[in-house]
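For reference, the chains in residue letters:
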Amino acid sequence: MNRTWITLAILLLLALGGCASTTKSAEKDTLFVSGRIDGDTVDISSKRDGKIVEILVREGDSVEAGQLVARIVSAQDEAQVESQKANVTQDERKLQEAAAAAPARVSLAEANLAASKADLVRWEAELQQAETDAKRYPALAQSGAVAEQVANQQQTRMKSARASTEAARKQILSAEASLNQAKAQLQQIATAKANLGSSRADLRRFEANVSDLAITAPIAGTILTRSAEPGRVAAAGQTILTMVDLHKLYLRGFIPEGDVGKVKVGQAAQVYLDSKQKESIQAEVIRIDPQVMFTPENTYFKDDRVKQVMGVKLGLKGAYGLAKPGMPADGEILIGRQ
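Residues numbered from 1 in each chain as written. Predicted model: local features only at pLDDT ≥ 70, side-chain atom pairs only at ≥ 80, totals over all residues. Heavy atoms only, no water.

Quick word on the overall build of the protein chain
Item 1. Across its full length, the protein chain holds four helices and 13 strands.
Item 2. Of all 338 residues assigned to the protein chain, the portion counted as buried reaches 30%.
Item 3. Pairs at least 24 apart in sequence give 78% of the contacts found in the protein chain among residues at least 6 apart.
Item 4. Accessible surface for the protein chain amounts to roughly 21000 Å². Of this, 52% is attributable to carbon and sulfur atoms. (Helix = DSSP H or I, 4+ residues; strand = E, 2+ residues; numbered from the N terminus. Buried < 20%, exposed > 50% of the residue type's maximum accessible area, 1.4 Å probe, protein only. Contact = heavy atoms within 4.5 Å. Areas by Shrake-Rupley, 256 points an atom, 1.4 Å probe, with all protein chains shown as cover.)

Overview of the pattern of salt bridges
Item 1. Going through the model one piece at a time under the given rule, you end up with 17 salt bridges.
Item 2. Between Arg-157 and Glu-126 there is a salt bridge, with its nearest N and O atoms 3.2 Å apart. Of the two residues, Arg-157 is situated in helix α3 (residues 148–211) and Glu-126 in helix α2 (residues 75–143); the sequence distance between them amounts to 31 residues.
Item 3. Under the relative-accessibility criterion, Arg-157 is labelled partly exposed at 27%.
Item 4. One salt-bridge network, held together by shared partners, links Glu-126, Asp-133, Arg-136 and Arg-157. (Salt bridge = Lys/Arg side-chain N within 4 Å of Asp/Glu carboxyl O.)

With respect to the nonpolar core
Item 1. Membership of the largest hydrophobic core comes to 24 residues, with the highest contact counts inside it found for Ile-37, Ile-255, Val-271, Leu-314, Leu-316 and Ile-333.
Item 2. Counting residues per element, the ones that place at least two in this core are β1 (31–45), β8 (239–256), β9 (268–273), β10 (276–288), β12 (308–316) and β13 (328–333).
Item 3. Residue contributions to this core peak at five residues, all from β8.
Item 4. Leu-314 has contacts with Leu-249, Tyr-250, Leu-251, Ala-269, Val-271, Ala-283, Glu-284, Val-285, Gly-331 and Ile-333, leaving out every residue within four places of it along the chain.
Item 5. Of all hydrophobic cores here, the second largest spans 17 residues; its members include Ala-70, Ala-217, Ile-223 and Met-243. (Core = buried A, V, L, I, M, F, W, Y, C linked by side-chain atoms within 4.5 Å.)

Details of the confidence of the model for the protein chain
Item 1. Of all residues in the protein chain, 87% have pLDDT values of 70 or greater, and the mean over the chain is 83.
Item 2. Contacts for the low-pLDDT stretch residues 1–27, under 50 throughout, to residues beyond four places or in other chains number zero contacts. (pLDDT = per-residue confidence, 0-100.)

Points about the sheet that holds strand β4 (residues 68–73)
Either a parallel or an antiparallel arrangement is found when strands of a sheet pair, and the pairing is made through backbone hydrogen bonds.
Item 1. Pairing is antiparallel across the open sheet formed by four strands, whose spatial order is β5-β4-β2-β7. At either end of the open sheet lies a strand with only one pairing partner, and these are β5 (214–216) and β7 (233–234).
Item 2. Pairing geometry for strand β2 (residues 50–55) and β7, over two bridges, is antiparallel. When the bridges of β7 are listed, Gly-50 appears paired with Ala-234. (Pairing = 2+ DSSP bridges.)

Brief notes about the side chain of Gln-267
Item 1. Looking at the secondary structure, you find Gln-267 in the loop between β8 and β9.
Item 2. Overall, the relative accessible area of 3% leaves Gln-267 in the buried class.

So, the pairing of β13
Item 1. Side chains Ala-329, Gly-331 and Ile-333 project from β13 onto a buried face, and the interleaved Pro-328, Asp-330 and Glu-332 project onto a face without burial.
Item 2. In terms of strand pairing, β1 meets β13 through six bridges, oriented antiparallel. Considered in β13, the bridge of Arg-36 is made with Pro-328.
Item 3. Taken together, the five bridges between β9 and β13 define a ladder with antiparallel strand orientation. Bridge assignment links Gln-270 to a residue of β13, and that residue is Glu-332.

Let's talk about the environment of Asn-87
Item 1. Inspection of the secondary structure assignment puts Asn-87 in helix α2.
Item 2. Take Asn-87: its relative accessible area is 30%, and that puts it in the partly exposed class.
Item 3. The spatial distance from the C-alpha of Asn-87 to the C-alpha of Asp-202 is 9.8 Å, given a sequence separation of 115 residues.

Considering the environment of Ala-70
Item 1. Mapped onto the fold, Ala-70 is located in strand β4.
Item 2. Expressed as a C-alpha distance, the spacing of Ala-70 and Glu-54, which sit 16 residues apart in the sequence, is 5.4 Å.
Item 3. Every residue in contact with Ala-70, bar those within four places of it in the chain, is listed here: Glu-54, Ile-55, Leu-213, Ala-214 and Ile-215.

Quick word on the pairing of β2
Item 1. Judged from the four bridges that link them, β2 and β4 form a sheet pairing that is antiparallel. The residue of β4 that forms the bridge with Ile-55 is Ala-70.

Thoughts on the environment of Val-210
Item 1. Note on placement: Val-210 falls in helix α3.
Item 2. Expressed as a C-alpha distance, the spacing of Val-210 and Ala-75, which sit 135 residues apart in the sequence, is 9.5 Å.
Item 3. Leaving out residues up to four positions away in the same chain, Val-210 has contacts with Asp-77, Glu-78 and Val-81.

Points about the side chain of Gln-84
Item 1. Mapped onto the fold, Gln-84 is located in helix α2.
Item 2. Discounting residues that sit within four places of it in the chain, Gln-84 has contacts with Ser-199, Asp-202, Leu-203 and Phe-206.

As structure tokens, this is what we get:
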């Protein structure tokens, strides 16, 4: 009988030792983390000041990236667009007028200059011949070869050629001035084009301001909070809605300072929701805080409060629709899989 009890005791001790060893091994393979589900939120605001006239979503609504979620109005921005449209129309008319008149004026001025130069060449030749004849005919008149009246006519002809030549030179100067003026009008076309380009750029900028009055979702996600209602005047940058991407949630928790060396980014983990404590969600360590901190205030035991901890984030790889921000959850970091 005694021998039987001794045998049972030995077997029991061996069994207990095996269980302890298994528990100890399990404890070495995982690191417990407790916290709550969270996500990186995105505040949706207007780029412009204006009065909110419509908000198209409420808390819990799913939205796609680029989806219209709210509209505001700004009389000032809309008036700028209308005023600038008038400026663009005016600059377009100025450019059309300059483009229609200037090239024709340049062509006409060039033709006049060419004709004036041709006249000068003709009159210079005429003057040269008249000067030659005026020198030759007085001697002929003295010898009786020609009448003295003919010699006098050559003198008159020379004076007339000189006057016409001088007039041709002045005409050239006038034609050149007209051409320069016409070319200056061509420069006005370039100026008109530049003014029109500037006006159109301002119009695009003002239209972009009006376009910004239609507020869209920057990412796909779920609306968490609605911070304003229609009728309210919102300042630029003021939050109207807050959203989160439920596909990119994480467990935010803390680990003891002494276990920090066991954890690294990319390490595999598992998360358990309170609503489904027996089903694990695959996760991984996506962040380790750069500095330790004291245990948060809502720890109620004095011995725990004086301990320092390190914040970590375990990014969830699933559970879309099950995990939601604010839900309490537990996690295990698989430190045995280094």
